[in-house]
Amino acid sequence: MNVAKVIVDVPSFAIDQTFDYEIPDRFTHVLTPGMRVIVPFGPRKIMGFVVEITDTSSFNKLKPIEEVLDLVPVLTKELLDLGKWLAHRTLSLSIVALQVMLPQVLKSKYKKEINRLSGEVLSDELEDLFQGRDVIPFEEFEASALNYQHLKKAVDAGEVQIDYIVKSKITKKFETFVYPKKEIHLLEEALHDLSQSARKQRAIIEFFIENPQEIKQKSLLQTIGTTTSTVKALIDKGLLDTYQKETYRNPYNDDAIERTDPLPLKPEQQQAIEPILASIENNEHEVILVHGVTGSGKTEIYLQAIQEVIKKGKEAIVLVPEISLTPQMVKRFKGRFGRNVAVMHSALSAGEKFDEWRKIQRKEVQVVVGARSAIFSPFENLGIIIIDEEHETSYKQEDQPRYHARDVAIKRGMDQNFPVVLGSATPTLESYARAAKGVYKLATLTKRTNDKPLPEVITVDMRSELHAGNRTMFSRLLMEKIRDCIAKGEQIVLLLNRRGYSTFIMCRDCGHVKECPHCDIALTYHKNSHLLKCHYCSYEEAVPNVCPECSSDLIRYFGTGTQRVEESLTQLIPEARVIRMDVDTTRRKGAHEKLLREFSEHKADILLGTQMIAKGLDFENVTLVGVLTADSMLHLPDFRSSEKTFQLLTQVSGRAGRHDLPGEVIVQTYTPDHYSIELASEYNFEDFYKKEMAMRRAFRYPPYYYLALITITHENHVQVVQATQQFVQQLLMKVGPETIILGPTPSPIPRIKDRYRYQCMIKYKHEPELRTFIQEVTNNFKEQIQKHDLQVIVDMQPYQMM
Ligand SMILES: Nc1ncnc2c1ncn2[C@@H]1O[C@H](COP(=O)(O)OP(=O)(O)OP(=O)(O)O)[C@@H](O)[C@H]1O
Ligand SMILES: [Zn+2]
Ligand SMILES: [Zn+2]
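Throughout this document, residue positions are counted from 1 along each chain, in the order its sequence is written. As a convention, the first chain written is A and the first ligand written is 1, with the rest following in written order. Where local features are concerned, this predicted model is filtered to residues with pLDDT of at least 70; where side-chain atom pairs are given and counted, the filter is 80 or more; whole-chain, interface and lining totals use all residues. Computation of side-chain values covers all heavy atoms of the structure but excludes hydrogens and water.

- As recorded in an unreviewed UniProt entry, the chain goes by Replication restart protein PriA and comes from Oceanobacillus indicireducens.
- UniProt positions are given in the numbering used here, feature names are shortened, and annotations may be inferred rather than shown by experiment. Under the heading Sequence similarities (unreviewed entry), UniProt records this for the chain: "Belongs to the helicase family. PriA subfamily."
- Under the Subunit (unreviewed entry) heading, UniProt states for the chain: "Component of the replication restart primosome."

Observations concerning the domain arrangement of the chain
At step 1: By the assigned domains, the chain splits into domain 1 (3-102), domain 2 (108-247), domain 3 (254-443), domain 4 (456-500 + 561-694), domain 5 (503-558) and domain 6 (706-795).
At step 2: For domain 3 versus domain 4, the distance between C-alpha centres works out to 28 Å.
At step 3: Note on definitions: a residue-residue contact is assigned when non-hydrogen atoms from the two residues lie within 4.5 Å. With 26 residues of domain 3 at the contact, the number on the domain 4 side is 26 residues.
At step 4: Taken over both partners, the interface formed by domain 3 and domain 4 buries close to 2,100 Å², and the fraction arising from carbon and sulfur atoms is 61%.
At step 5: Two parts placed together each lose some accessible area under a 1.4 Å probe, and the buried area is that loss summed for both. Of all residues in domain 3, Ile323, Thr426 and Leu429 bury the most surface against domain 4, accounting for 28% of the area lost on that side.
At step 6: Just to be clear on terms, a salt bridge is a Lys or Arg side-chain nitrogen sitting within 4 Å of an Asp or Glu carboxyl oxygen. Taken together, the connections running from domain 3 to domain 4 amount to one salt bridge.
At step 7: Note that glutamate 430 is salt-bridged to arginine 640, the shortest N-O span being 2.9 Å.
At step 8: Pairs of N or O atoms are called polar contacts if they sit within 3.5 Å, as long as, within protein, a hydrogen donor faces a hydrogen acceptor (for residues adjacent in sequence, only side-chain-to-side-chain pairs). Here domain 3 is connected to domain 4 by five residue pairs in polar contact (both at pLDDT 80 or more). Domain extents, as shown, originate in an automatic or database domain assignment.

Some points on the sheet that holds strand E20 (residues 491-495)
At step 1: Read from one edge of the open sheet, six strands run E19-E29-E28-E20-E27-E26, paired in parallel fashion. Looking along the sheet, the strands with just one partner apiece sit at the ends: strand E19 (456-461) and strand E26 (578-581). Between one strand axis and the next, the sheet turns through 15 degrees on average, direction left out of account.
At step 2: Note that E26 and strand E27 (residues 606-609) share four bridges and pair parallel. In the sheet register, isoleucine 579 faces E27, and the bridge partner there is leucine 607.
At step 3: Axis lines are fitted through C-alpha atoms, for helices just across the contact stretch, and the angle between N-to-C directions can take any value from 0 to 180 degrees. Helix numbering and strand numbering both begin at the N terminus, where a helix is a DSSP run of H or I of at least 4 residues and a strand a DSSP run of E of at least 2. Contacts from helix H20 (residues 641-653) reach E19, E20, strand E28 (622-627) and strand E29 (664-669) within the one sheet, and its direction differs from that of E28 by about 155 degrees. Paired strands, in this sense, are two strands between which DSSP finds at least two bridges.

A short note on the packing of helix H15 (residues 429-437) against helix H22 (residues 685-698)
At step 1: Look at H15 against H22: their axes get within 11 Å of each other, and the N-to-C directions meet at 100 degrees. Accordingly, the angle class assigned to the pair H15 and H22 is roughly perpendicular. Of the residues in H22, those touching H15 at Leu429, Tyr432, Ala433 and Ala436 are Phe685, Glu686, Phe688, Tyr689, Glu692, Met693 and Arg696. Here the angle decides the label: under 35 degrees means roughly parallel, over 145 means roughly antiparallel, 65 to 115 means roughly perpendicular, and every other value means oblique.

Right under this line is the structure:
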């Protein structure tokens, strides 16, 4: 058993296979599959994953493995298999499929770190930098005031060493602890012997005579007001010693979260939980779709199901959309399961994420709550996976590997025999259709737990507002309701679809719209900087004074960014206190939470925001929800736009009247007769489902047909058109007669970052060999891809049609 099959970290289709390496004697009893290694590859040394260990190879002379990076495998057997499946399903590289399952920290291959080589006291500046640690990430040096010369001197003197790292020692956080090496009476003796001038040394000894336990070096130095050199001097005298202790970063203060007990379930909840409990009990895979109106207590069902799983000694993964992974949500899970919960959230620092991940790896927790990538949590005894708000498109990764977390969940559930629960007030047509066919079990919750009706929805036709002479973006009814609400001391949530979607500038004389010179989409006007910016490539330019086409000076800003809405709102209702929540105001870490906290503490009357305010929020005092432009999403080039509009309206309406006060919703629209707006205002999911299914059938879209989207990009326009044409022709020769291939057509955004983009859409019902076909055709373009920078992007489950 001295041959390791390794998947190396070279992201290229030409290299997408395992390579054999010899396992040197010193690693024979160390190495297992799932570990990362460093191997020679051509002239370089690179990282790779060991996926298999065998004793034969069809090659004669194998190069030896250089180094082993993990002593505990970072990927379990199940995850290695899952990676294989994932690469195949999404047609992505094996290395990419394996990397996606690991926290960022374990992927960073080009990191540098500074290793301390000398036990001697270094310069004050360096000591400050190391703060008692032996290794520090290079970034800390870069962020410090220290210059390269200073560092180089230390390197030349052999005091420290810079390592170019594939290793990830930086990942663990160590702290130095100091403890007395001698008994108290010996310390007292030593104190006696110490010279009176060694004041700081004396202070430290006195401290340990009083408190003869270990203490963090940092706190000790702070208490005494000295530096490590004093400690060092006492270590040299044999009085003290230090050691490094690993500590976790804990972003959540678990102890401050109040514990909750399970609530007695309402009859509908009881009915919904039964099939879940049965599946847990019998170790049987089952997908259960919990279709429950907003506020019907789905989360309580999840909590009690997990309770059962924990009781059986098993583990649970709960996925929630990134944006609703708020402290409110975390609190509900930590409130029930305390320290038994890890949280995987993209707002955590890389180190914090790694710490959470290791709690899972070391089986220190049984529950993880996290966004999409938490689906790869390395649990080995899973008992349930729950996907909350299963309709959220953020569960689909829009980058290699282009996977959907729901598919991964069901794959794991099927292989390991446990239930997968999908929950939503507005399930996707795909999931609901499967439930209707009996592939999934359906559990329905029609009532809110507070036994109140869902808030009434009033639709306002904005065209008649315009005719009546109201040119603002607020209907008269909405203004009146907002004023009432504020007068009563109640709160309001105002939704504006999509940031900057229509904040373009347009010439009123000739209709010219300023577009990005690289991407063919309208530039967005940013008021703060008075610049026009492209949201795809970050191109920016100054706002022109006259129209570049016709020289008219009647240039106007169109549309309604959140910032403009905020301005006109405060003009119309000066007394309103507004919190604006959009990409701009939430960019800073923690800003999102802070704004929500302020709103919940009633420091504002109105929460104004984009999609990010529509989900999961639960504020007692919110009685009015206003939707400013219900139809802006209906005009996107996307066959799911009606479905998305229906979902968004339903979700945001659900924010009102969740507690004692009744709620009300005002929906402003230019197309009040559109079925998704009409049916959402009646909370009529059933009819929406039927209507939309009929459309999907007529236009051959999912769930009646499967889709695959192939996008080909290149800097040369002619070349990309030709390549896409050839691609379509070659593929057509392979697929069955029922399969439809549309295109080539320019992508909805025909150029991004100076690359032209063409696409073809494959619609199919039964095409078991499709993946192989696509791979074969792609192979025919190998040379153009490798030598001429042609790019072929395959998405086997497209959600973004861009
Ligand atoms: N059995 C119960 N008895 C009393 N109150 C309950 C019960 N179950 C849940 N609740 C309460 O009802 C409220 C709404 O529940 P929850 O937030 O779980 O609903 P939800 O279906 O997840 O809503 P949404 O889809 O809007 O997020 C919460 O405040 C919750 O504490
Ligand atoms: Zn013009
Ligand atoms: Zn651009």
